[in-house]
Amino acid sequence: MNGQQCIDKFHNYVSDELDSDFELQLVNDAKNSVEAELMLEITKKLNSSGSVTAGQTYTTARSLPSDFYLPLPIYVGQTIHYPVAFERQQDFQNVSGFYWVDIANSQYYLSGTQGSNQTIYFYYQYQTADIALNTSPVWPDRFHSIIPLEMADVS
């Protein structure tokens, strides 16, 4: 179902038409809401291009992937690291196994001090492209009808 088809189905639900630009905004707001709430498997990615070296501390900034949307647990080598809130970094800075994201500067930081050289397996939910009138979400087709339902729920 493309953007126009989502809008057409939305019209059937609400028996009304809105400004066309606003309707397209509703399509994308609904898509983003569903993706954030359900953490769909199809919107998850892995970036394994980063690494750590022995002795690096919690002050070492690493770049977020350009399409980063929401954090998931990551691995440094085979050790899992869980995301913590940005404002809790002082609580976790000297404890291994955590990381925080600095969205404003597109960076993330690993807690503790790294003991050896290892690969970072950065799992995350990526920001999918906006839907246009002639494009569809990346989800399987059978789930596209969720979008006009979500649009009708907020209108």
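Trainee: Let's hear about the side chain of Gln-114: which residues, and what values?
Mentor: For Gln-114, the location among the structural elements is in the loop between β7 (107-110) and β8 (118-126). Among the residues examined, Gln-114 registers a relative accessible area of 10% and is labelled buried. When residues no more than four places from it in sequence are discounted, the contact partners of Gln-114 are Val-52, Thr-53, Ala-54, Gly-55, Gln-56 and Val-76.

Trainee: Which residues make up unusual backbone geometry, and what values do they have?
Mentor: Backbone geometry at Met-39 places phi at a positive 45 degrees, although glycine is not the residue there. Inspection of the secondary structure assignment puts Met-39 in the loop between α2 (20-38) and β1 (44-52). Taking relative accessible area as the criterion, Met-39 reaches 25% and is therefore assigned partly exposed. Backbone geometry at Ser-106 places phi at a positive 55 degrees, although glycine is not the residue there. Under the relative-accessibility criterion, Ser-106 is labelled partly exposed at 40%.

Trainee: So what's going on with the nonpolar core? Residues and values would help.
Mentor: Soluble globular proteins tend to bury their nonpolar side chains together. By size, the foremost hydrophobic cluster in this structure holds 13 residues, and its most contacted members are Ile-74, Tyr-99, Tyr-108, Leu-110, Ile-120 and Phe-122. Every element with two or more residues in this core is listed here: β4 (74-76), β6 (98-102), β7 and β8. By residue number, the principal contributor to this core is β8, which donates 4 residues. Leaving out residues up to four positions away in the same chain, Ile-120 has contacts with Asn-47, Ser-48, Gly-50, Ser-51, Val-52, Arg-62, Ile-74, Tyr-75, Val-76, Tyr-108 and Leu-110. Core analysis: the next-biggest nonpolar cluster, separate from the first, contains 12 residues, Phe-10, Val-34, Trp-139 and Ile-147 among them.

Trainee: For the packing of aromatic side chains, give the residues involved together with the corresponding values.
Mentor: Evaluated as defined, the whole model comprises 9 aromatic pairs. The interplanar angle of 50 degrees and the centroid separation of 6.1 Å between the aromatic rings of Phe-68 and Phe-122 together place this pair among those described as tilted. Of this pair, Phe-68 sits in strand β3 (residues 68-71) while Phe-122 is found in strand β8, placing the two residues 54 residues apart along the sequence. Exposure remark for Phe-68: the relative accessible area of 12% places this residue in the buried category. Centroid distance Phe-92 to Phe-98: 4.5 Å. Interplanar angle 50 degrees. Geometry classified as tilted. Through successive ring pairs, a cluster of aromatic residues spans Phe-68, Tyr-99, Tyr-108, Phe-122 and Tyr-124. Here Lys-45 stacks its cationic end above the ring of Tyr-126, 4.6 Å away from the centre of that ring.

Rules and cut-offs
- Residues numbered from 1 in each chain as written.
- Predicted model: local features only at pLDDT ≥ 70, side-chain atom pairs only at ≥ 80, totals over all residues.
- Heavy atoms only, no water.
- Helix = DSSP H or I, 4+ residues; strand = E, 2+ residues; numbered from the N terminus.
- Buried < 20%, exposed > 50% of the residue type's maximum accessible area, 1.4 Å probe, protein only.
- Contact = heavy atoms within 4.5 Å.
- Core = buried A, V, L, I, M, F, W, Y, C linked by side-chain atoms within 4.5 Å.
- Phe/Tyr/Trp six-rings, centres within 6.5 Å; stacked < 30°, edge-to-face > 60°.
- Lys NZ or Arg CZ within 6 Å of the ring centre and 35° of its normal.

Functional significance is not addressed by these values, which are geometric in nature.
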